[in-house]
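# Chain and residue survey
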Amino acid sequence: MSEESEYDLIVIGGGPAGYAAAIRTGQLGKRVVCVERERAGGTCLNWGCIPSKALLKTAELYASMKHAEAFGISCSELTFDFEAVIQRSRNVADRMGGGIEFLFRKNRVEYLLGTGRIASPGVVEVSGGEGGDRLLQGQRVLVSTGSRARRFPYLKVDGERVMTSREALVMKRLPGSIAIVGAGAIGVEFAYFLNALGSNVTLIEMLPEIVPVEDKEVSRTLARAFKKQGIAIHTETTVENIKPAKQSVSFELCKGEERRRVRVESVLLSIGVEANLEGLISDNIDLALDSGFVAVDDRYRTNVGGIYAAGDVIGPPWLAHVATFEAIEAVNGMFTNSEPRKVGQFPGCTYCQPQVASVGLTEEAARARGLKIRLGKFPFTASGKAVAVNHIEGFVKLILDEQYGEILGAHIIGPDATELIAEYVLAMECEITAHEVHRTIHAHPTLSEALSEAAAAAYGEAIHI
């Protein structure tokens, strides 16, 4: 095993946390190496965020074309090539992965393919790479190995009858029927995609609402939209005794005392994530964990000197943009005089149709804390731009401090919600009040006018409702 001269930072994992950390370290003129066992970009770029959004765009376009008559356009004999749909998403992922590799070269980041293992603080063994086994030495090590989909321990994932999101991204054929277990962001995105292309989709959630982290009013609006699209939804329901067969999968659908056997072509598990830690740490290193994730302090330091961690591997929220933020803060804390920040306000986005986006407190959480709040709500049915583009489903909802108008939470369900939420995130970060959002001129006609109107509605000043 060849030895390397000392690095300022060794990054293990090349996903949104790892590649951002490595690039930022390179920008600061430090010597850095990033070790990734598959390809730069990690799960998000190669097996998550990016390829899934490519699939969702296909579904959105196909669904729009099926209703093109609303725009005076006639589309007959509309078809799609499922293999080509999947291949396009892989091409998008490949292109973006190449972009990260270019950024590594631009910022003088050494990039190694292989499996990294921390042998001792400051010493990382890399195995399985094309260049053979290597021994890296560094002043600091950043663990950014991310997370992977949780599975039922008794159930084998075969990529056809039983899948996680990773296998679903390379499906060979569109299943005629599929049950999706778990209705968080990943579950509802796949439900929308598969249903739009013609699968018979059953969406199952053990909690009372789908997208359960969202405001209940948003969750219920999305559920109504999904049912209208033809998706079967079962909440407060569990799945037991999953039994794959050659051509199908059967399972028990359990709600209270009611149990019934269901048979579908495939099952997609979307039941959360767990940290990628197997084989990462030598047995002689006692790395502290918190609920299965790496425990860190306010500077992203673990309990072991010289070892840091950021991204999904340190726990929720499991979001790519949060991982990038954490990694950059960690690196700045290592090499500059800035004080690292932990995550405060962040947007949560779900890219089904209608889209869902939020930041801050839900109405339920604000009331549970005993806060005195006022609500501002504006429906997209009253938005001229939404009517013009034929996307009127949904609303913008604000939760405000009653006395000062501070924005405590913002929730959007509807067209381009995932793009619109950024204005409220910035407003909350800069402590801009709802009054100031209302008094800011928003171009007409745009969907963003709904953001201003929701702020105005909290004070009875909305013009268009």
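Residues numbered from 1 in each chain as written. Predicted model: local features only at pLDDT ≥ 70, side-chain atom pairs only at ≥ 80, totals over all residues. Heavy atoms only, no water.

### Notes on the state of the cysteines
Scanning all chains against the criterion turns up 1 disulfide. A sulfur-sulfur separation of 2.3 Å characterises the disulfide bridge that pairs C44 with C49. The S-S bond linking C44 to C49 shows a torsion near -130 degrees; that makes this disulfide left-handed. Using a relative accessible area of 15% as the deciding quantity, one classes C44 as buried. Since its relative accessible area comes to 27%, C49 is described here as partly exposed. (Disulfide = S-S within 2.5 Å. Buried < 20%, exposed > 50% of the residue type's maximum accessible area, 1.4 Å probe, protein only.)

### Description of the pattern of salt bridges
Scanning the model with the defined rule gives 24 salt bridges in all. Of the charged contacts, one joins R117 and E125 as a salt bridge, the two residues approaching to 3.0 Å between their closest N and O atoms. Here R117 falls in the partly exposed class, since its relative accessible area comes to 29%. In this structure, the salt-bridge partner of D215 is K397, at a minimum N-O distance of 3.0 Å. Taken as a pair, D215 in the loop between strand 12 (200-204) and helix 7 (216-229) and K397 in strand 25 (residues 395-401) lie far apart in primary sequence, 182 residues in all. K397 carries the same exposure label as D215, and that label is buried. (Salt bridge = Lys/Arg side-chain N within 4 Å of Asp/Glu carboxyl O. Helix = DSSP H or I, 4+ residues; strand = E, 2+ residues; numbered from the N terminus.)

### So, the packing of helix 3 (residues 49-66) against helix 4 (residues 82-106)
Between two packed helices, both the angle of their axes relative to each other and the distance between the axes serve to describe the pair. Across the interface, helix 3 lies against helix 4 with an axial gap of 8 Å and an inter-helix angle of 140 degrees. With respect to their mutual orientation, helix 3 and helix 4 come out oblique. The element helix 3 and its partner helix 4 pack so that their crossing is right-handed. Contacts from I50, P51, A54, L55 and T58 in helix 3 reach V85, I86, R88, S89, R90, V92, A93 and M96 in helix 4. (Axes fitted to C-alpha atoms, helices over the stretch in contact; angles between N-to-C directions. Parallel < 35°, antiparallel > 145°, perpendicular 65-115°, else oblique. Left-handed = near helix turned anticlockwise from the far one by under 90°. Contact = heavy atoms within 4.5 Å.)

### Concerning the nonpolar core
For soluble globular proteins, nonpolar side chains are generally found buried alongside one another. In terms of nonpolar packing, the biggest core is built from 48 residues, with I118 and L136 touching the most fellow members. For this core, the leading source of residues is helix 8 (residues 320-335), giving 6 residues. Residues contacting I118, with those up to four places away along its chain left out, are I12, V123, V124, V141, V143, L280, I281, S282, I285 and I307. Residues A196, L197, I210 and L222 belong to the second largest nonpolar core, which totals 39 residues. (Core = buried A, V, L, I, M, F, W, Y, C linked by side-chain atoms within 4.5 Å.)

### Considerations on helix 8
Here helix 8 spans 23 Å end to end across 16 residues, near enough to the 22 Å set by a 1.5 Å rise per residue. Buried within helix 8 we find V322, A323, E326, A327, E329, A330, V331, N332, G333, M334 and F335. The secondary structure elements touched by the buried residues of helix 8 are strand 2 (9-12), helix 1 (16-27), strand 8 (141-143) and strand 21 (307-309). (Expected span 1.5 Å × (residues − 1).)

### Let's talk about unusual backbone geometry
In this structure, the amide linkage connecting P316 to the following residue, P317, adopts the cis form with an omega of 0 degrees. Note the cis peptide between Q353 and P354, where omega equals 0 degrees. Topologically, P354 is positioned in the loop between strand 22 (348-350) and strand 23 (355-360). Even without glycine at this site, E77 takes up a positive phi of about 50 degrees. Locating E77 in the fold gives a position in the loop between helix 3 and helix 4. We classify E77 as exposed; its relative accessible area is 76%. The backbone of E236 shows a phi angle near 50 degrees, a positive value even though the residue is not glycine. Considering the arrangement of structural elements, one finds E236 in the loop between strand 13 (232-234) and strand 14 (238-244).

These figures come from the coordinates and say nothing about function on their own.
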